[in-house]
Amino acid sequence: MAKVNLVRRAEIGQEKRARTRAQLVAAACTLFSTRPSASVTIDELVHEAGVAKGTFYVHFDDMHALTSAVADELIRAFDDLLQPRRVATSDPLLRIALGCNAFIERALEKPAWGALVARMTRSYSKIGGTAQLRLREDLQEALKQSPQPGLSVDLALEAVIGIILQVMTAIGEGRLSQKDRAGAVGAVLGAIGVGRQRAASKLAKLTRERTAPFHRDSVAASEVGEPREKRAIKG
């Protein structure tokens, strides 16, 4: 009688559970990118994921727990997306431009991801918490170096976030494309008081920096928008 490798059997079980959980999170991302998370039912979720309803409860207590998992995935994706660019320069305006460009380019690459980020960030403050904290630091430094009359850090923060979320929503809906990328970043710089000549200089530097490699996103970000059948094959 063949000897059973209990350790390997346990590993296989863990791998299978991880794949199934990832399927559920990816399905939630797909549905949340097109409608409010509160409107999505468990039945709709498991149908999109291609798993049995009972499987859902193996991994999550309720939809709130799944929504939190999606938020956590986005937080990790944000860090992977922003940090390599942020540490590449000490120029606060270039950091802001690079960060905004990173979000726009990822949304152009994966429109459903852009729509998801825009929708979830508006609904769950913790998603953009770290990114907003870093953006605030860069804005404080930029405005300290070049003060703008009547423009507080709080107002600048709201302006930048508002523009980026609206751009990502428009990309997700197919209303903006790659040709609008530089203009969107320029609009952000203009909103925080950067003059045309200086903004053009930052955009030129941004173009040179765009060749920096992307970090791989989390499962939720990389599989948003994939058909259920394709995700099932992966699992």
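Keep in mind the model is a prediction, meaning the values are calculated, not measured. (Residues numbered from 1 in each chain as written. Predicted model: local features only at pLDDT ≥ 70, side-chain atom pairs only at ≥ 80, totals over all residues. Heavy atoms only, no water.)

Draft legend 1. Layout of the confidence of the model for the chain. Looking at the chain, the pLDDT average stands at 83 and 84% of residues meet or exceed 70. Taken as a whole, residues 214–225 scores under 50 in pLDDT and shows 34 contacts with residues more than four places along the chain or in a different chain. Note that pLDDT drops below 50 for residues 229–235; the model gives that stretch 14 contacts with residues more than four away or on any other chain. (pLDDT = per-residue confidence, 0-100. Contact = heavy atoms within 4.5 Å.)

Draft legend 2. Quick peek at helix α4 (residues 63–86). If you check α4, its first and last C-alpha atoms are 34 Å apart, about what 24 residues at 1.5 Å a residue would give, namely 34 Å. Of the residues that open α4, the one with a side-chain oxygen 3.2 Å from the backbone nitrogen of His64 is Asp62. (Helix = DSSP H or I, 4+ residues; strand = E, 2+ residues; numbered from the N terminus. Expected span 1.5 Å × (residues − 1). Polar contact = N/O pair within 3.5 Å; in protein donor to acceptor, adjacent residues only side chain to side chain.)

Draft legend 3. Seen up close, the environment of Ile96. Structurally, Ile96 is set in helix α5 (residues 92–109). Expressed as a C-alpha distance, the spacing of Ile96 and Val185, which sit 89 residues apart in the sequence, is 9.0 Å. Apart from the residues within four sequence positions on either side, Ile96 is in contact with Leu135, Asp138, Leu139, Val188 and Ile192.

Draft legend 4. Examining the side chain of Thr169 more closely. Within the secondary structure, Thr169 is located in helix α8 (residues 153–172). Ignoring sequence-local partners within four residues, the contact set of Thr169 consists of Ala118, Arg122 and Arg175.

Draft legend 5. Highlighting the packing of aromatic side chains. The tally for this structure, following the rule as stated, stands at 5 aromatic pairs. For the ring pair Phe56 and Tyr57, a centre distance of 5.2 Å and an interplane angle of 85 degrees mean the geometry is edge-to-face. Under the relative-accessibility criterion, Phe56 is labelled buried at 0%. A centroid spacing of 6.5 Å and a plane angle of 75 degrees characterise the contact between Phe78 and Trp113, whose relative ring orientation is edge-to-face. (Phe/Tyr/Trp six-rings, centres within 6.5 Å; stacked < 30°, edge-to-face > 60°. Buried < 20%, exposed > 50% of the residue type's maximum accessible area, 1.4 Å probe, protein only.)

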